[in-house]
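Breakdown of the fold
Next come the chains, spelled out residue by residue.
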Amino acid sequence: MKFISILSITFLGLVSGGYAQQQLNDTTKAPAPALPGVYADPHIAVFNDKFYLYPTTDGTEGWMSTNFTCWSSKDLVNWKNEGVILDLPKDLAWADARAWAPAIATKNGKYYYYYSADANIGVAVADKPTGPFKDPLGKPLVAKGALLGQMIDPMVFVDDDGAAYLYFGQGNCHIVKLNEDMVSYNPAAVVSFKPQGYNEGSFVFKRNGKYYLMWSEYDTRDPRYSVAYATSDSPLGPFVKAESNPVLKGKGSVKGAGHHSVVKVPGKDEWYIAYHRFKIPGGNGYNRETCISPMRFDSKGNMLPVDVFEAVKPVKVSKKGREAER
Ligand code: FUB
C-alpha cells in the first residue's frame, strides 16, 4: 500500500512538474497588460509611496493623440487613471497633436514633465506628480530641426549630486546637462552620438555607480522592436554597448516589445521595466499596450534578459525604504 502511494505521489509530481514546465515555455499566454486599453511609451516613476505611469495615448494611425494621462499605483499591479495632465490644444500655444513619449523628473519640490508634441520637445511644470502641468516657456524646449534626427522621446535623469541631464532624439541620441531651472540648457554643450542599432526611446539610470543607457532598436511598427543597453562611468558617456543584447524583445504572442523605462523599488535592489508591446490580440504599431516585467542583473552588473511572460507580483513602497533613499 505504502509502495503504491509513493508511486502515485511520484507520478503526480512528474505530471505537475511537467505542467509547470509547459506553463513556463508557453509563449501564447502573455500576462495581462498593466494598463487597460492602448497606451505606449510608458515612463514609470516612483514618488513618495506610489508608482506612476506616464504613457502616450495610442489607437490612431500616425499617433495623432492630443493629450497625456497619468496613472498611479500603490503596488505596480492595480492602476488608477489620474486623468488628463496636459492637453495640447488647451495648454500649449505652439503644438496641438502628436503627443508622444513623455518623461518626468522631480527637483526642488517641483515636477518637470518632458514630452514630444508635433515632433518638438516641450517641458511643463507642476507641484504634484498628477499635475496640473503648465508650460513655463510658451515654446518648445528643443525645437524641430534643432539637431540631426527627430526631436522626440525626451528623458531626464537626475544624478545623486542633483545635476539633471536630458536624453532625447530619434535617429541619434543627444545628451545635454540641464540648467538648475530644469527648463533651459546650453545648446553648445549638447553631445550627439548613435550607439550601434539605436533608433529612439533613450532611458538612463544609475546602479552601483554605473550609468546604464538603454534605447529601442528597429521601428516601433516592426515586430522586432526591442531594447538594448550600454554602460558608462559618466552620465555623458562614452557608453559601451553590452555584449548580451537585446535585453528586452518579444517572443511568441508578444511582438514589438520596446520603448521602455525602469523603476527601482526604494530601499531595495529590486527593479521593474515598463514597456509597450503590440496589443494582444490584434495590435500593431499604432495599437500598443503598456506592460511591466521584473528586471534583474547578474553579479557583475550585466542586465539579464527580461522574461516578457513573467507576471509582476504586488510590490509595496515601504516608509523604511523611502527613508533609506533620502
Ligand atoms: O508613440 C509615438 C512614437 O512611437 C514614439 O515617440 C516612439 O518612441 C515610438 O514608440
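Residues numbered from 1 in each chain as written. Predicted model: local features only at pLDDT ≥ 70, side-chain atom pairs only at ≥ 80, totals over all residues.

A separate point is the overall build of the protein. What the protein contains, in helices and strands, is three helices and 19 strands. Against the compact-globule benchmark of 20 Å for 326 residues, the protein has a radius of gyration of 21 Å, which places it among compact chains. Across its three principal directions, the C-alpha atoms of the protein cover 85 × 40 × 40 Å. Out of the 326 residues in the protein, the part that is buried amounts to 43%. For the protein, the share of sequence-separated contacts (at least 6 apart) that also reach a separation of at least 24 residues comes to 48%. (Helix = DSSP H or I, 4+ residues; strand = E, 2+ residues; numbered from the N terminus. Rg over C-alpha atoms; globule rule 2.2 N^0.38 Å. Buried ≥ 20, exposed ≤ 12 C-beta atoms within 10 Å, placed from the backbone. Contact = placed C-beta atoms within 7 Å.)

Turning to the site of the ligand, a few remarks are in order. Trp63, Trp100, Ala101, Thr220 and His259 are the nearest of the 13 residues found near the ligand. Those elements giving two or more residues to the shell around the ligand turn out to be strand S1 (39–47), strand S5 (99–107) and strand S12 (200–207). Class assignment for the residues of the shell around the ligand results in five nonpolar, five polar and three charged. (Near = placed C-beta within 6 Å. Nonpolar A, V, L, I, M, F, W, Y, C, P; charged D, E, K, R; others polar.)

Burial runs high along strand S7 (residues 120–126): five of the seven residues are buried. Across seven bridges, strand S6 (residues 110–117) lies against S7 in antiparallel orientation. Bridge pairing in S7 links Tyr111 to Ala126. Connecting S6 to the antiparallel partner S7 that follows it, the hairpin turn spans two residues, and Asp118 within it adopts a positive phi of roughly 50°. (Pairing = 2+ DSSP bridges.)

As a further point, take the sheet that holds strand S3 (residues 67–73). Taken in spatial order, the four strands of this open sheet run S1-S2-S3-S4, and their pairing is antiparallel. Edge positions in the open sheet fall to S1 and strand S4 (80–87), since each of these has one partner strand only. Direction aside, neighbouring strands of the sheet carry axes that sit 25° apart on average. In this sheet, S3 lies alongside strand S2 (residues 50–57) in antiparallel orientation, the contact comprising three bridges. Following the sheet pairing, Leu53 is matched in S3 by Trp71. (Axes fitted to C-alpha atoms, helices over the stretch in contact; angles between N-to-C directions.)

Moving on, we get to the confidence of the model for the protein. The share of residues in the protein with pLDDT of 70 or more is 92%, and the mean pLDDT across the chain is 93. Confidence drops under a pLDDT of 50 for residues 1–23, and excluding neighbours within four residues, the segment shows zero contacts in the predicted structure. (pLDDT = per-residue confidence, 0-100.)

Our focus in this paragraph is the environment of Ile175. Looking at the secondary structure, you find Ile175 in strand S10 (residues 173–177). Looking at Ile175, the number of C-beta atoms within 10 Å reads 23, which means it is buried. Taking C-alpha positions, Ile175 is 6.6 Å from Leu236, a pair spaced 61 residues apart along the chain. Ile175 has contacts with Tyr165, Tyr167, Val191, Leu236 and Gly237, leaving out every residue within four places of it along the chain.

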